[in-house]
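So the chains spell out like this:
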Amino acid sequence: VQGILAAGMPLLAVATGDVARVAEESGCGWTATPGDVESIRRALEHVGGTTRSELAQRGARARRHYDVHMGREHNVKRLVEVLLDAARSRRGVLR
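Residues numbered from 1 in each chain as written. Predicted model: local features only at pLDDT ≥ 70, side-chain atom pairs only at ≥ 80, totals over all residues. Heavy atoms only, no water.

K.L.:
I'm lost on the nonpolar core in this one. Help?
P.N.:
Across soluble globular proteins, nonpolar side chains show a tendency to be buried alongside one another. Among the nonpolar cores identified, the biggest contains nine residues, and these are Leu-5, Leu-11, Ala-13, Val-22, Ala-23, Cys-28, Ala-62, Tyr-66 and Met-70. Counting only elements with at least two residues in this core, the list comes to strand S1 (11–14), helix H2 (18–26) and helix H4 (52–69). Beyond its immediate chain neighbours, meaning those up to four positions away, Ala-62 contacts Leu-5, Gly-8, Met-9 and Cys-28. (Core = buried A, V, L, I, M, F, W, Y, C linked by side-chain atoms within 4.5 Å. Buried < 20%, exposed > 50% of the residue type's maximum accessible area, 1.4 Å probe, protein only. Helix = DSSP H or I, 4+ residues; strand = E, 2+ residues; numbered from the N terminus. Contact = heavy atoms within 4.5 Å.)

In structure tokens:
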């Protein structure tokens, strides 16, 4: 999923949980319920009826979501937080 978002492509998520949440909350794609043929059929109809302009907009939202929540800058900030927390915790143990 991260690769699809990073590539700026719309996402059809036949999934539940975090993958479906990302597709819905970011506005980058469509969702269908795994094993539910009717749900998958409806999602495919929505995808097939989407204009090129809307596909491009969804792709742009996918890339934006990746940059904000999964990209390098986000991960570096998160790593710094984890390392600082570990250092603070370690100092408390050594005292």
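K.L.:
When you look at the side chain of Ser-26 in this model, what are you seeing that I'm missing?
P.N.:
Considering the arrangement of structural elements, one finds Ser-26 in helix H2. Excluding anything up to four places from it in sequence, Ser-26 contacts Arg-21, Arg-61 and His-65.

K.L.:
Whenever I open this one, the side chain of Thr-50 confuses me. Can you help?
P.N.:
Tracing the backbone through its elements, the reader meets Thr-50 in the loop between helix H3 (37–48) and H4. According to the relative accessible area criterion, Thr-50 is buried, its value standing at 18%. A distance of 2.6 Å separates the side chain of Thr-50 from the backbone oxygen of His-46, its partner in a polar contact. If near-sequence neighbours (up to four positions away) are discounted, Thr-50 is found in contact with Trp-30 and Leu-55. (Polar contact = N/O pair within 3.5 Å; in protein donor to acceptor, adjacent residues only side chain to side chain.)

K.L.:
What should I look at first to understand the pattern of salt bridges in this one?
P.N.:
Any two side chains of opposite charge can pair, on the condition that their charged atoms come close. Summed over the entire model, instances satisfying the criterion amount to 11 salt bridges. Two residues, Asp-67 and Arg-63, come together in a salt bridge whose shortest N-O distance is 2.9 Å. Taken together, the residues Asp-67 and Arg-63, both in helix H4 and four residues apart, mark about one turn of the helix. (Salt bridge = Lys/Arg side-chain N within 4 Å of Asp/Glu carboxyl O.)

K.L.:
Quick question: what am I supposed to make of the environment of His-65 here?
P.N.:
Within the secondary structure, His-65 is located in helix H4. Note: C-alpha distance between His-65 and Gly-8 (57 residues apart in sequence) is 9.3 Å. The residues touching His-65, leaving out its near neighbours within four places in the chain, are Leu-5, Val-22, Ser-26 and Met-70.

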